[in-house]
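Next come the chains, spelled out residue by residue.
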Amino acid sequence: TTGVAIHGRGDSDVILTSSCTISDFDGTDPASNFIIGIYGSDLDMHKGATITDIQNAMAVYMDDVGNDYKHKVLINGTVSDVNTRGVVMRSWYGHIEIGPTGVVQNCTSGGQVLYTNNGSKYTISGKILDNTGTAIYLANQSGGRVYAVMNEGAQISGTNGLAVRVNNGSQFIMNGGE
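Residues numbered from 1 in each chain as written. Predicted model: local features only at pLDDT ≥ 70, side-chain atom pairs only at ≥ 80, totals over all residues. Heavy atoms only, no water.

Regarding the sheet that holds strand 17 (residues 147-150)
Then step 1. What the 7 strands build is an open sheet, ordered 2-5-8-11-14-17-20; its pairing is parallel. Bordering the open sheet on either side are strand 2 (13-16) and strand 20 (171-174), each of which pairs with just one other strand. Across the sheet, the mean angle from the axis of one strand to that of its neighbour is 10°, orientation sign disregarded.
Then step 2. Bridge count for strand 5 (residues 42-45) against strand 8 (residues 73-75) is 3 bridges, and the pairing is parallel. Within the sheet, the bridge partner assigned to L43 lies in strand 8 and is V73. (Pairing = 2+ DSSP bridges. Helix = DSSP H or I, 4+ residues; strand = E, 2+ residues; numbered from the N terminus. Axes fitted to C-alpha atoms, helices over the stretch in contact; angles between N-to-C directions.)

A closer look at the nonpolar core
Then step 1. With 41 residues, the main nonpolar core has L16, I36, I51, V79 and M89 as its most contacted residues.
Then step 2. Setting aside residues up to four positions removed in sequence, I36 forms contacts with I6, L16, I22, L43, I51, A59, V60 and Y61.
Then step 3. The next biggest cluster of nonpolar side chains, apart from the first, holds 8 residues, and it includes M58, Y61, Y115 and Y137. (Core = buried A, V, L, I, M, F, W, Y, C linked by side-chain atoms within 4.5 Å. Buried < 20%, exposed > 50% of the residue type's maximum accessible area, 1.4 Å probe, protein only. Contact = heavy atoms within 4.5 Å.)

Section: the pattern of salt bridges
It is possible for side chains bearing opposite charge to pair when their charged atoms get close.
Then step 1. Counting across every chain of the model gives 2 salt bridges.
Then step 2. Measuring nitrogen to oxygen at the nearest pair gives 3.3 Å for the salt bridge that ties D11 to K70. In this pair, D11 is assigned in the loop between strand 1 (6-9) and strand 2 and K70 in the loop between strand 7 (58-63) and strand 8, connecting sequence segments 59 residues apart.
Then step 3. With a relative accessible area of 49%, D11 lands in the partly exposed category.
Then step 4. A salt bridge links E97 to K72; its shortest N-O distance comes to 2.9 Å. Of this pair, E97 sits in strand 11 (residues 95-98) while K72 sits in the loop between strand 7 and strand 8, and the two are 25 residues apart along the sequence.
Then step 5. Judged by its relative accessible area of 29%, K72 is partly exposed. (Salt bridge = Lys/Arg side-chain N within 4 Å of Asp/Glu carboxyl O.)

Some remarks on the packing of aromatic side chains
Then step 1. Counted by the stated rule, this structure contains 5 aromatic pairs.
Then step 2. Ring centres of F34 and Y39 lie 6.2 Å apart, and the angle between their planes is 55°; this geometry places the pair in the tilted category.
Then step 3. Ring centres 5.6 Å apart and planes at 55° place the aromatic pair Y39 and Y61 in the tilted group. Residue Y39 is located in strand 4 (residues 34-39), and its partner Y61 is located in strand 7; the two are separated by 22 residues in the primary sequence. The residues Y39 and Y61 share a single accessibility class, namely buried.
Then step 4. Among the aromatic residues, those joined into a ring-pair cluster are F34, Y39 and Y61.
Then step 5. Positioned above the aromatic ring of Y39, the side-chain terminus of R9 is 4.4 Å from the ring centre.
Then step 6. Over the ring of Y69 we find K121; its NZ or CZ atom is 3.7 Å from the centre of that ring. (Phe/Tyr/Trp six-rings, centres within 6.5 Å; stacked < 30°, edge-to-face > 60°. Lys NZ or Arg CZ within 6 Å of the ring centre and 35° of its normal.)

All we've got here are geometric facts, nothing functional implied.
Structural data, given as structure tokens:
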């Protein structure tokens with residue numbers, strides 16, 4: 001399948017229930033550089049939901065610029081087997097949380113698995129396992145403090161690349177985890 005699976009915009013609520021599976025997407029179409037795009041909206045991915053077998057595209061893109069972190073992407077399901085020349089998930093002035101039952105695993109990126117930029121936030125309470133590329137890259141490229149918090153119970157392991165890269169005045173707080 002090519003194209004975009006979900007495009008949430010303008011205070012929308014997107015919910016992926018435990019029986020939801022988004023799979024077998026190929027982003028070679030230049031118009032589909034992400035599979036799920038969330039703009040000024042919320043995404044709630046429940047435990048049991050899966051995003052898998054994605055080629056040449058981001059699994060999730062979050063853009064909440066100008067909304068003062070009013071919206072959030074919450075991943076409590078599993079994102080796996082994403083193979084891209086770019087990043088697996090990216091945030092632009094948004095908040096992405098890998099919840100306590102969230103798992104990002106077996107993904108291959110051209111650079112970063114989770115990339116955040118310009119005023120974005122990540123909260124990691126789940127697991128980031130067996131990926132190729134920097135697991136978390138915090139980059140403040142042109143404004144807004146970037147930060148991530150890793151909580152007790154979170155795990156980053158099996159990474160073929162850096163676990164966490166903190167760049168240009170960004171902040172990483174590890175409250176536990178491994």
